[in-house]
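Report on the structure
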Amino acid sequence: MLDRRGFLGSFASVALLARAGRGHPAAPPAPGAEPPFWPPAVFQDDESYWRDLRRQFLIPADEAFFNTGTLGSMPRAVLQAVTDDLSQVAGTIAHWNYKPGTPDYIAGYNPETDLRTALATLIGASPDEVALTQNATLGMNYVANGLPLEPGHEIILTNLEHPGGRMGWELKSKRYGVYVKQVAVPVPPSDPQQLIDLYVNASTPQTRVWSIPHLTSGQAIRFPVERMCALARERGIFTVIDGAQCSGHFQLDMKRIGCDAYYSSPHKWLLAPAGCGFLYVTSDKLPGVWATLASATWDDYKAGAYRLMQVGTGSRSLLKGYAAAIEFHNRIGPARVEARIMALANRLRAGLQQIPQVTIHSPVHPDLVSGTTVWSLAGVPATDLMDGLWNRAKIRCRSMGDPLGVRQCCHVYTLMEDVDRTIATVRQMSR
Ligand SMILES: Cc1ncc(COP(=O)(O)O)c(C=O)c1O
């Protein structure tokens, strides 16, 4: 395991910490404070690595947490980054003299270039194209509100949107007379082409926006966003992707996806503290998006996506946690995280498929699957299934209501034995 010195050796971390500490006394460590925790430094391609990593989380060892789709569990390193900074802000605030080059004690009046650079590197974008938001909902509202659309213009989205991916468009429709056209997605779809055809066939010369969920919240359907964005581009249609469930889950490359805008909630799969989001808008489309909230820099078009971060005072400490979550993710390696998530979820799906009373409602087509599986057990209502898994085996899934059953998200804190325990418990429940 790396110690603090190891952490300080990383370039990104040095930049972040140097900025935070410049000219200011560090707060003394709290009595009995543990050292920072980071993923094991050496990767062994076996379960022992993941068992070591599991110890970086505060979830008790006998509890298996599978509801990352709502909120991830912060690793110790992230929690400590937040609490250390909260202590420092509270204890040294009298040293804040507002002189140029000294750090702000609040977020909200600073472009947060280091954090945006780390985030941009992670998602294959330029820092100028990335705005820090509180969550996905804000990102989607900034796009819906900021695009200059006229009565009669059409927006296409699905019937499976999370309210955070839909309501910004409903508001726009009611206020400005744009038409929100909803396509009905089969659950589960049989193949990616079915999803593509829904959008293509619904489009008319009046269509201005395709609003596409990258991974739907309730059914875990992964949309072929790369192919869809290429088709939209040919038609001059603006694409905005709801990636709330995707940062820290899939490897993301904005330029490869080819979308005009993308928003996410890294407090889910990237394991950042609650209240950490981002909005990406590609540089050539950024000038066409109006700011929704206005403070000092709302109209400075040279400021890139910082223009879309004009929210007033926020927590600097939360952003320290956000930066630590990116660092934690990078230390494991985005490719390794995704491969592990998929290995766990594929094992879960294969096990569930062996139980005749189980129906898997999320896709099983290899191009449409993710780390999330939505499944039900014949004769067992969804909330009873959720409670049964918890009461019998401390397995925390989330009920998606009937007939979908429960949603089960595998992540880096999942062990293979947690998956096997699920299968064994479902077998007991189905007898
Ligand atoms: C697909 C999707 N979009 C949007 C949201 C809203 O996310 P947030 O509440 O973090 O803004 C969620 C939350 O679960 C989601 O799953």
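Preceding this section is the structure that the text describes.
Definitions and limits used
- Residues numbered from 1 in each chain as written.
- Predicted model: local features only at pLDDT ≥ 70, side-chain atom pairs only at ≥ 80, totals over all residues.
- Heavy atoms only, no water.
- Near = heavy atom within 4 Å.
- Polar contact = N/O pair within 3.5 Å; in protein donor to acceptor, adjacent residues only side chain to side chain.
- Areas by Shrake-Rupley, 256 points an atom, 1.4 Å probe, with all protein chains shown as cover.
- Axes fitted to C-alpha atoms, helices over the stretch in contact; angles between N-to-C directions.
- Helix = DSSP H or I, 4+ residues; strand = E, 2+ residues; numbered from the N terminus.
- Parallel < 35°, antiparallel > 145°, perpendicular 65-115°, else oblique.
- Left-handed = near helix turned anticlockwise from the far one by under 90°.
- Contact = heavy atoms within 4.5 Å.
- Nonpolar A, V, L, I, M, F, W, Y, C, P; charged D, E, K, R; others polar.
- Expected span 1.5 Å × (residues − 1).
- Buried < 20%, exposed > 50% of the residue type's maximum accessible area, 1.4 Å probe, protein only.
- Pairing = 2+ DSSP bridges.
- Core = buried A, V, L, I, M, F, W, Y, C linked by side-chain atoms within 4.5 Å.

The next point concerns the site of the ligand. Within the structure, the ligand sits among 13 residues, and T137, D242, Q245, S265 and K268 are positioned closest to it. A136 is positioned with one of its backbone polar atoms (N or O) 3.3 Å from an oxygen atom of the ligand. In this structure, an oxygen atom belonging to the ligand sits 2.8 Å away from a side-chain N or O atom of K268. In the complex, 88% of the free accessible area of the ligand, which totals 390 Å², lies under the protein chains.

This next bit is on the packing of helix α4 (residues 76-92) against helix α11 (residues 316-332). One can describe the packing of α4 onto α11 by two numbers: an axis separation of 8 Å at closest approach and a directional angle of 155°. Put simply, α4 runs roughly antiparallel to α11. Seen along the crossing, α4 lies across α11 with a hand that is right-handed. For the pair α4 and α11, contact is made by A77, V78, A81, V82, D85, L86, Q88 and V89 and by R316, S317, K320, G321, A324, A325 and F328, respectively. Along the lines of polarity and charge, the residues of the contact of α4 with α11 split into 9 nonpolar, 3 polar and 3 charged.

On to α11. Under the 1.5 Å per step criterion, the end-to-end length of α11 is 25 Å for 17 residues, consistent within 8% with the ideal 24 Å. Across the 17 residues of α11, 14 count as buried, placing the element largely inside the fold. The distance from a side-chain oxygen at the start of α11 to the backbone nitrogen of S317 is 3.2 Å, and the residue carrying that oxygen is S315. Once α11 finishes, G333 follows within two positions and takes phi at roughly 110°, a positive value.

Okay, the environment of P127 next. Inspection of the secondary structure assignment puts P127 in the loop between α5 (113-123) and β2 (130-133). In this structure the C-alpha to C-alpha distance between P127 and Q354, which are 227 residues apart in sequence, comes to 47 Å. In this view, P127 contacts R116, T117 and A120; residues no more than four positions away in its chain are not counted.

The next point concerns unusual backbone geometry. Cis peptide bonds are those with omega within 30 degrees of zero, and the linkage from V187 to P188 qualifies with -10°. With respect to the element layout, P188 can be found in the loop between β4 (179-183) and α8 (192-202). In this chain, D402 is followed by P403 through a cis amide linkage whose omega measures 5°. Phi at A220 is positive, roughly 55°, even though this residue is not glycine. Within the fold, A220 resides in the loop between β5 (207-213) and α9 (225-234). Non-glycine residue L271 carries a positive phi angle of around 65°. Structurally, L271 can be placed in the loop between β7 (261-264) and β8 (277-281).

Another point: the sheet that holds β2. Two modes of strand pairing occur in sheets, parallel and antiparallel, and in both the strands are linked by backbone hydrogen bonds. Read from one edge to the other, the open sheet built from 7 strands follows the order β2-β8-β7-β6-β5-β3-β4, with strand pairing classed as mixed. Each having just a single partner strand, β2 and β4 make up the two edges of the open sheet. Taking the axes of each pair of neighbouring strands and ignoring which way they run, one obtains an average angle of 20° across the sheet. Direction of pairing for β7 relative to β8: antiparallel, over a ladder of 4 bridges. Across the sheet, S264 pairs through a bridge with F278, a residue of β8. Where helix α6 (residues 136-146) meets the sheet, it contacts β2, β6 (238-242), β7 and β8, and its direction lies at approximately 155° from that of β7. Across the sheet, helix α7 (residues 163-176) lies against β3 (154-158), β4, β5, β6 and β7, angled at about 155° from β3, the strand it touches most.

What follows covers the nonpolar core. Residues I123, W169, F223, M254, Y262 and Y322 are the most contacted members of the largest nonpolar core, which totals 97 residues. Tallying contributions element by element places α11 first for this core, with 8 residues. With near-sequence residues (within four places) excluded, F223 lies in contact with T158, V185, L195, Y199, I212, P213, H214, T216 and M228.

Any functional reading would require information beyond the geometric quantities listed.
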